[in-house]
Amino acid sequence: MRRAAVSSAARLVFRRDLTLAWRRWDEVAQPLIFYVVVTTLFPLATTPDLSELSKIASGVVWVAALLSSLLALESLFRSDVEDGTMEQWVLSGQPLGWLLLAKVVCHWVLTGLPLVVIAPIVGTALGLPFAAWGTLIVSLLLGTATLSILGGIGAALTVGVRRGSVLLSLLVLPLAMPLLIFGSRAVMMAMDGDSPAGPLQLLAAIFFLVLSLGPLAMSAAIRISVES
Amino acid sequence: MWIWVHKFGSPPHAYRLLGKLAPWFGWPALGLILLATWWGLVKAPADYQQGDAFRILYVHAPSAWMSMFTYVVMAVAAGIGLVWRIKLAHAAAAAAAPIGASFTFLALATGSIWGKPMWGTWWVWDARLTSELILLFLYLGYMALRSSFDDPQRADRASAVLAIVGVINVPIIHYSVKWWSTLHQAASVTKLAKPSIALPMLIPLFIMIAGFQLYFGWLICRRLRGEILRRERNASWLNEAS
């Protein structure tokens, strides 16, 4: 029996997840709606004055992005572990890290990418100047992608745990704090007219670090959850 | 070497050995901490800027150091447990986590008390205080993950993965001083070549750090013994021993 190539196996996983998500698109839309709702809370809780709001706009946009991409993470691996699909993947002889990475990429396309698209609009409503759009988009692209992988590690660790969602946030949020620091700092610098290159490069560095080591941690965590 | 590892890795042997080791850590720790307390509070000169208030440094800096040291110990133990499947290493990681969390809390509390006279507020969002707080969250997450599994072996291995992932945060804490320029004074001890803190103040600090280190050794011996007892509560060697 000939084993399929890694790339085609990963592509199959990606396409399967995309199809599954497409059939339940309302679940995909929920984090996005959550994002808009959370960002609406801040003007209500603080002040409707746009010049005041623009001071915290970068932080609000980023915190809300962090929270809403955590929302969908809990179910990332759950159904596959429960119905035995994950066991088949572990036994398939394919490198598990690649398959899980494909799942995470699909998750990012469904939750991270829409956030990146909608964030500038939400930011503008909070008084974010047009000049900072580019930085916001780049920082969120890097940030949400990193967060999806970090969250994937957390989801893989908590997949066999009851009430995993609170625990998942508890595990992932501290690890994601550097992202928040650099992301919102980059947007803030762009708003002030400075070059945001420094924080963006640090974000990119963290992204590549997590991209290279994350799949290993994810597959180790999934093996622990599935094997025992 | 492997024979030694297997011998030490067996719970009855480790239990006896840790019991014998504990006083060798405990008494020197007590002596050094008492000596450093006297030296730091009485003998060391007052700071020309901060007066006597700087003396909380002798608790603050060692606990901040120990909070990071313990995390590394925990992650290394977890890694050993994960790679070579040594249960005792997992038990050591489990025993270290609450100690580390306590040191982190102590560093935060003393930092906050120190901040009141120096900065005028209890809490400042500065780089090192914040990253120390993140470290506390990491410890709490680790302990939460560990306690949420029913199966101890899965708890061991899953939390080991988390500890190794989280250990990336320890260098981030160390370098956050450079990343984030704020109120906190730059690290004054790690620059060994040219310390910016006067030598008479530095000596008791190093004695205190050594004392804390030994105290950690004593604690880990005691806690690991407890952990072994808890895990081996149904084993036959315990009945024979008692």
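About the criteria used
Residues numbered from 1 in each chain as written. Chains lettered and ligands numbered in written order. Predicted model: local features only at pLDDT ≥ 70, side-chain atom pairs only at ≥ 80, totals over all residues. Helix = DSSP H or I, 4+ residues; strand = E, 2+ residues; numbered from the N terminus. Buried ≥ 20, exposed ≤ 12 C-beta atoms within 10 Å, placed from the backbone. Contact = placed C-beta atoms within 7 Å. Nonpolar A, V, L, I, M, F, W, Y, C, P; charged D, E, K, R; others polar. pLDDT = per-residue confidence, 0-100. Expected span 1.5 Å × (residues − 1). Bend = angle between axes of the 7 residues up to and from the residue. Core = buried A, V, L, I, M, F, W, Y, C linked by C-beta atoms within 7 Å. Axes fitted to C-alpha atoms, helices over the stretch in contact; angles between N-to-C directions. Parallel < 35°, antiparallel > 145°, perpendicular 65-115°, else oblique. Left-handed = near helix turned anticlockwise from the far one by under 90°.

Draft legend 1. Structural detail: the overall build of chain B. If you tally the helices and strands in chain B, you get nine helices and zero strands. Traced from its N-terminal end to its C-terminal end, chain B shows the element sequence α-α-α-α-α-α-α-α-α. Buried positions account for 40% of the 242 residues belonging to chain B. Here the analysis covers contacts within chain B between residues at least 6 apart in sequence; of these, 77% occur between residues at least 24 apart.

Draft legend 2. Broad picture of the interface of chain A and chain B. Contact residues are listed per partner, giving 15 residues for chain A and 19 residues for chain B. Broken down by secondary-structure element, the contributors of at least two residues to the side of chain A that touches chain B are α7 (133-158), α8 (164-191) and α9 (197-227) of chain A. Classifying every residue of the side of chain A that touches chain B by side-chain character gives 14 nonpolar, one polar and no charged.

Draft legend 3. Representation of unusual backbone geometry. With a phi close to 55 degrees, R85(B) is a non-glycine residue in the positive phi region. Classification of R85(B) by C-beta neighbours within 10 Å gives partly exposed; the count is 13.

Draft legend 4. Layout of the environment of D49(A). Looking at the element boundaries, D49(A) is found in the loop between α2 (25-45) and α3 (50-71). Residues D49(A) and A72(A), spaced 23 residues apart in sequence, show a C-alpha to C-alpha distance of 32 Å.

Draft legend 5. Layout of the environment of L199(B). Here L199(B) lies in helix α8 (residues 199-231). Taking C-alpha positions, L199(B) is 9.5 Å from A44(B), a pair spaced 155 residues apart along the chain.

Draft legend 6. Region of interest: the confidence of the model for chain B. Residues and elements named next belong to chain B. With 83% of its residues at a pLDDT of at least 70, chain B reaches an overall mean of 82. Per-element confidence in chain B ranges from a low mean pLDDT of 58 for helix α7 (residues 169-179) to a high of 91 for helix α3 (residues 57-84). A low-confidence stretch, residues 181-185 stays under pLDDT 50, and its non-local contacts, those more than four residues away or across chains, total nine contacts. Of the regions scoring below 50 in pLDDT, residues 190-195 engages in four contacts with residues more than four places distant in sequence or in other chains. Across the interface, the model reports ipTM at 0.84; the global pTM reads 0.86.

Draft legend 7. Highlighting α2(A). Residue and element names in this part refer to chain A. With 21 residues, α2 should reach 30 Å at 1.5 Å per residue; the first-to-last C-alpha distance of 31 Å fits that figure. When we look at burial in α2, the residues that qualify are P31, Y35 and T39. Where α2 is buried, its residues contact α3 and α6 (96-125).

Draft legend 8. Region of the structure containing α3(A). All names here are of chain A. Along α3, the largest kink reaches about 55 degrees and is centred on I56. The set of residues buried in α3 consists of A57, S58, V60, V61, W62, A64, A65, L66, S68, S69 and L70. As for α3, its buried residues are in contact with α2, α6, α7 and α8.

Draft legend 9. Molecular detail of the nonpolar core. Counting 138 residues, the largest nonpolar core has V61(A), A221(A), A92(B), A93(B) and V161(B) as its most contacted members. In terms of residue count, the dominant contributor to this core is α8(A) (15 residues). In this structure, V61(A) is in contact with T39(A), A119(A), V122(A), G123(A), L126(A) and L136(A), ignoring residues within four places of it in sequence.

Draft legend 10. Representation of the packing of α3(A) against α8(A). Residues and elements named next belong to chain A. It is at 9 Å that the axes of α3 and α8 come closest, and there the two elements cross at 150 degrees. Taken together, the axis directions place α3 and α8 in an arrangement best described as roughly antiparallel. Crossing of α3 over α8 shows right-handed handedness. Contact with α3, carried on its side by S58, G59, W62, V63, L66 and L70, involves L168, S169, V172, A176, L180, G183, S184, V187, M188 and M191 of α8 and no other residues of that element.

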